[in-house]
Amino acid sequence: MVKEGCSPNSATYSTLINGLCNEGKIDDALDMLKEMIEKGIEPTVYTYTVPISSLCACGRAKEAMDLVTSMRTRGCHPNVQTYTALISGLSWLDQLDVAIGLYHKMLKDGLVPNTVTYNVLINELCAGGRLSDALKIFHWMEGHGSLPNTETFNEVIEGLCMVEKIEKAMVLFEKMLKVGPRPTIVTYNILINGYLKVGNVNNALRLLDLMTENGCNPDEWTYTELISGFCKRGEINSAKNLFQKMVKQDLSPNVFNYTALIDGHCKEGKIDDALSLLERMEENGCKAEIETYNAVINGLAKDNRLSEAEKLCEKVAEKGLLPNVKTYTTLIDGLCRNHGTELAFKIFHEMEKTDCSPNLYTYSSLIYGLCLEGRADDAEMLTGDMERKGLVPDHVTFTSLIDGFIMLGRIDHAFSLLQRMINMGCKPNYRTYTVLLKGLEKECHLLAQKVAIQHETAYSCSSNEKDVNYELLCSLLTRMSEYGCELTVDTYSTLITGLSREGKTFEADQLVKNMAEKGLSPNKEICSSILRAYCKCLKVECALDIFDVMISEGFELCLSIYKELICTLCKTKKVEEAEALFENMLEKQWNPDEVVWTILVDGLLKEGEFDLCMKFLQIMESKGCSLLLQTYVVLARELSKLDKCVNSDHLADKLRTMTVFPSN
């Protein structure tokens, strides 16, 4: 072109620079940009934007920023695409604050971000745990004429699900269904996983039905998550039904589907069923991976079928699959739990010889085994070895060690370990505290025996079991303070939540009073756990008092809290109060279908409150709550299970109307 006397112009150079960038030849593109300037041809914003984007994509953010400075110097101002490229690149390089600064600069320059810009920022903010900032941008976007697309909604919904705010995610889902954009399989999968994360398998299944009804076919990933979720809850039959449903829908189960189901069977102790499933998997041409075998080896080891576990390891090696750290750790853990620590150490040393580095769980298993055999000092020495390898003990490791010294009657050393644990930033869990309480109880009994021998009389710490428990808790807190362990809201939260789960409301309530004496206020977790415990034992007035505290403190209340309270009020014949609470609840922003699923179906119907369920449904409709056809179908199905075949004229009419005149 040049030889023929035809001089390239800005468009020619821009096209060539763009092509070089697309081929990954960024340095050649930058050289051409330099040549272009030297020849007196002014680059346009488009010429600059593509190299800036490419520099950001390959991690050369500083050079990208320098190029922006250079273009400004030449009087060429960045456009929306330039800013978006920079924001995207900086976000990927963990320079999110700089990216947000650019976003604000962009607004100051009078440029309106596009959907891509917003999506980049929202995605990175959610991934970085800055959900409130992501929501601010999302709402700003809606209020300034830039419509969120499916990707925007999915990113915010996933961000909400990550922090277990599934109910807020469902409000956005409702908006997608009624206003748009339409949810995709990605949306449904995110929400299903969100429900599984908080242990709500019922609503996860309802979403599966809803996605199918809305013409969005579930994929293998959908079923993998659901099967795994049911297996974690020990509901193997439900998991198997889902597996069969998947096959009926012409989806070929993959290695993840099989592994989830095999692992579930193993965790329930159904090892032979798991082995049959492994055989069936291979017969169906689905090649098992090391993780599949690890699940079976783990099941065999925990069931003390160690010789079979070893044979399976040999079979794995024959298939050309190398045992990984999980394979070795599974065997070691099984041996340690069955008093085979000596053999476990042989496997541990063999593991090191094969250049397979032990992880935290490997060491924790060995420490548990040593403590079980009364060798707590050896176990503590092993923590030094793991720390030298850069592994930090976690709450499982420390709790095993503490338990080991408690079993030896060395309670002071156990508290020293607790102090070390807290100083290292490792948060004790309820099991840690129960182990220490066990030690204090043992100490109390020994003291009682000594006093009885000295005075030739019977002696006990207290005659009342509740008083004994609370005395031990006070003793625990006192001893912790003596060892320099600060008593924080987290300390009380762990104890009170655990006690509430065990139904020990008296002890939990006393600890709340103890907190108040120290100037500490209960957090949302404490209030929620005590409220649930009061509901379980039908102490409705106490539960309502806690509810009022939560409202006054401004805590966000979830639907399950309302469900517990409403059902408890109904059980105690306080129907009017239940109705008033339900109406008050509807003033807040919820997904109405989720309200029906949680309060009416999983709450009232399960308690046999059919008439009240129908009354609450009519209250919702009178307040303008628009429900999906599928939700009415769910209600009808649940009523039929209670032998209440759709004998409600209202519900039957609604179903007929919505079927004949669908809203979509």
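As the structure is a computational prediction, the values presented were derived from the model and not from experiment.

Novice: Which residues make up the overall build of the chain, and what values go with them?
Specialist: Secondary structure assignment for the chain yields 36 helices and zero strands. Over its C-alpha atoms, taken along the principal directions, the chain stretches across nearly 120 × 75 × 60 Å. Counting only residues that meet the buried cut, the chain has 48% of its 664 residues in that class. In the chain, the share of contacts with a sequence separation of at least 24, taken over all contacts with a separation of at least 6, comes to 62%.

Novice: How would you explain unusual backbone geometry if you had to name every residue and give the values?
Specialist: A cis amide bond links Gly 180 with the next residue in sequence, Pro 181, at an omega value of -5 degrees. In this fold, Pro 181 is placed in the loop between α10 (166-178) and α11 (185-197). The backbone of Asp 250 shows a phi angle near 65 degrees, a positive value even though the residue is not glycine. With respect to the helices and strands, Asp 250 occurs in the loop between α14 (236-248) and α15 (255-267). The exposure class assigned to Asp 250 is exposed, which follows from its relative accessible area of 71%. At Lys 573, a position not held by glycine, the phi torsion is positive, near 65 degrees. Following the sequence through the fold, Lys 573 ends up in the loop between α31 (559-571) and α32 (575-586).

Novice: So what's going on with the nonpolar core? Residues and values would help.
Specialist: By size, the foremost hydrophobic cluster in this structure holds 209 residues, and its most contacted members are Ile 262, Ile 566 and Phe 582. Look past the residues within four positions of Phe 582 in its chain and what remains in contact with it is Ile 566, Val 595, Ile 599, Leu 600, Phe 616, Ile 619 and Met 620.

Novice: Explain the state of the cysteines to me, and be specific about the residues and the numbers.
Specialist: Scanning the entire structure with this criterion turns up zero disulfides. Among the cysteines around Cys 527, which has no disulfide bond, Cys 558 carries the closest sulfur, lying 12 Å off. A residue is classified by how much of its surface remains accessible, and Cys 527, at 3% relative accessible area, is buried. We classify Cys 558 as partly exposed; its relative accessible area is 22%.

Novice: I'd like a description of the layout of surface pockets, backed by residues and values.
Specialist: One number sums up the size of the largest pocket: a volume of about 1300 Å³. Every residue lining the largest pocket is counted, 44 residues in all, and those nearest its centre are Glu 164, Ile 166, Glu 167, Cys 558 and Leu 559. Breaking the lining of the largest pocket down by element, the ones donating at least two residues are α8 (131-143), α10, α12 (201-213), α29 (524-536), α30 (540-552), α31 and α33 (592-605). The greatest single-element share of the lining of the largest pocket, amounting to seven residues, is contributed by α10. A breakdown of the residues in the lining of the largest pocket according to their chemical character gives 17 nonpolar, nine polar and 18 charged. Each pocket or cavity is described by its volume, and for the second largest pocket that value is around 660 Å³. As for the second largest pocket, its lining consists of 26 residues, of which Asp 263, Lys 267, Glu 291, Asn 298 and Lys 326 are closest to the centre. Listed by contribution, the elements that provide at least two residues to the lining of the second largest pocket are α13 (220-232), α15, α17 (290-302), α19 (325-337) and α21 (360-372). Here the lining of the second largest pocket gets seven residues from one element, more than from any other, and that element is α15. Across the lining of the second largest pocket, the residue classes tally to seven nonpolar, 11 polar and eight charged.

Novice: Mind laying out the packing of α10 against α33, listing which residues take part and the relevant values?
Specialist: At a closest axis distance of 9 Å, the pairing of α10 and α33 adopts a crossing angle of 130 degrees. Accordingly, the angle class assigned to the pair α10 and α33 is oblique. For the pair α10 and α33, the contacting residues are Glu 167, Met 170, Glu 174 and Lys 178 in the first and Pro 592, Glu 594 and Trp 597 in the second. Tallied by class, the residues present in the contact of α10 with α33 amount to three nonpolar, no polar and four charged.

Novice: Explain the packing of aromatic side chains to me, and be specific about the residues and the numbers.
Specialist: A full pass over the atoms with the stated rule returns 10 aromatic pairs. On the basis of an interplanar angle of 80 degrees and a centroid distance of 6.1 Å, the ring pair of Phe 345 and Phe 348 is categorised as edge-to-face. One end of the pair, Phe 345, and the other, Phe 348, are both in helix α20 (residues 341-353), three residues apart, so they sit about a helical turn from each other. Accessibility classification places Phe 345 together with Phe 348 in one group, the buried group. Seen in terms of ring centroids, Phe 547 and Tyr 562 are 5.7 Å apart; in terms of plane orientation they differ by 75 degrees. Their pairing is edge-to-face. Note that Phe 547 is positioned in helix α30 and Tyr 562 in helix α31, a separation of 15 residues in sequence. Given the relative accessible area of 7%, Phe 547 is considered buried.

Novice: Break down the packing of helix α5 (residues 80-92) against helix α7 (residues 115-127) for me, citing the residues and quoting the values.
Specialist: Two elements in contact, α5 and α7, have axes whose closest approach is 9 Å; the angle formed by their N-to-C orientations is 15 degrees. Compared by their axis directions, α5 and α7 come out roughly parallel. Pair α5 / α7 crosses with left-handed handedness. When α5 is examined against α7, the residues Val 80, Thr 84, Ile 87, Ser 88, Ser 91 and Trp 92 are found in contact with a partner set consisting of Val 116, Thr 117, Val 120, Leu 121 and Glu 124.

Novice: How would you sum up the environment of Glu 387? Please name residues and give values.
Specialist: Tracing the backbone shows Glu 387 in helix α22 (residues 376-388). Separated by 27 residues in sequence, Glu 387 and Leu 360 place their C-alpha atoms 9.7 Å apart. When near neighbours in sequence (up to four residues on either side) are disregarded, Glu 387 contacts Pro 393, Arg 420 and Met 424.

Novice: Tell me about α32, residues and numbers included.
Specialist: Spanning 12 residues, α32 covers 17 Å between terminal C-alpha atoms, matching the ideal 16 Å at 1.5 Å per step. Taken as a whole, α32 has its buried residues at Ala 578, Glu 579, Leu 581, Phe 582, Met 585 and Leu 586. Axial view of α32: buried residues confined to an arc of 165 degrees, hence all on one face. On the buried face of α32, the contacting elements are α30, α31, α33 and α34 (610-622).

Novice: Summarise the pattern of salt bridges; cite the residues concerned and give the values.
Specialist: Under the counting rule described, the total for this entry stands at 43 salt bridges. With a closest N to O distance of 3.9 Å, Arg 532 and Glu 564 form a salt bridge. A residue pair is termed long-range when its members are at least 10 positions apart, and Arg 532 in helix α29 and Glu 564 in helix α31 qualify at 32 residues. The class of Arg 532 is partly exposed, set by a relative accessible area of 30%. Its relative accessible area of 26% is what places Glu 564 among the partly exposed residues. Through salt bridges with shared partners, a single ionic network connects Asp 272, Asp 303, Arg 305 and Glu 308.

About the cut-offs
- Residues numbered from 1 in each chain as written.
- Predicted model: local features only at pLDDT ≥ 70, side-chain atom pairs only at ≥ 80, totals over all residues.
- Heavy atoms only, no water.
- Helix = DSSP H or I, 4+ residues; strand = E, 2+ residues; numbered from the N terminus.
- Buried < 20%, exposed > 50% of the residue type's maximum accessible area, 1.4 Å probe, protein only.
- Contact = heavy atoms within 4.5 Å.
- Core = buried A, V, L, I, M, F, W, Y, C linked by side-chain atoms within 4.5 Å.
- Disulfide = S-S within 2.5 Å.
- 1 Å grid on protein atoms, 1.4 Å probe; cavity = no way out; pocket = protein on both sides within 12 Å on 5 of 7 lines; lining within 4 Å.
- Points joined across faces, edges and corners; volume = space filled by probe spheres on them.
- Nonpolar A, V, L, I, M, F, W, Y, C, P; charged D, E, K, R; others polar.
- Axes fitted to C-alpha atoms, helices over the stretch in contact; angles between N-to-C directions.
- Parallel < 35°, antiparallel > 145°, perpendicular 65-115°, else oblique.
- Phe/Tyr/Trp six-rings, centres within 6.5 Å; stacked < 30°, edge-to-face > 60°.
- Left-handed = near helix turned anticlockwise from the far one by under 90°.
- Expected span 1.5 Å × (residues − 1).
- Arc of directions from axis to C-beta.
- Salt bridge = Lys/Arg side-chain N within 4 Å of Asp/Glu carboxyl O.

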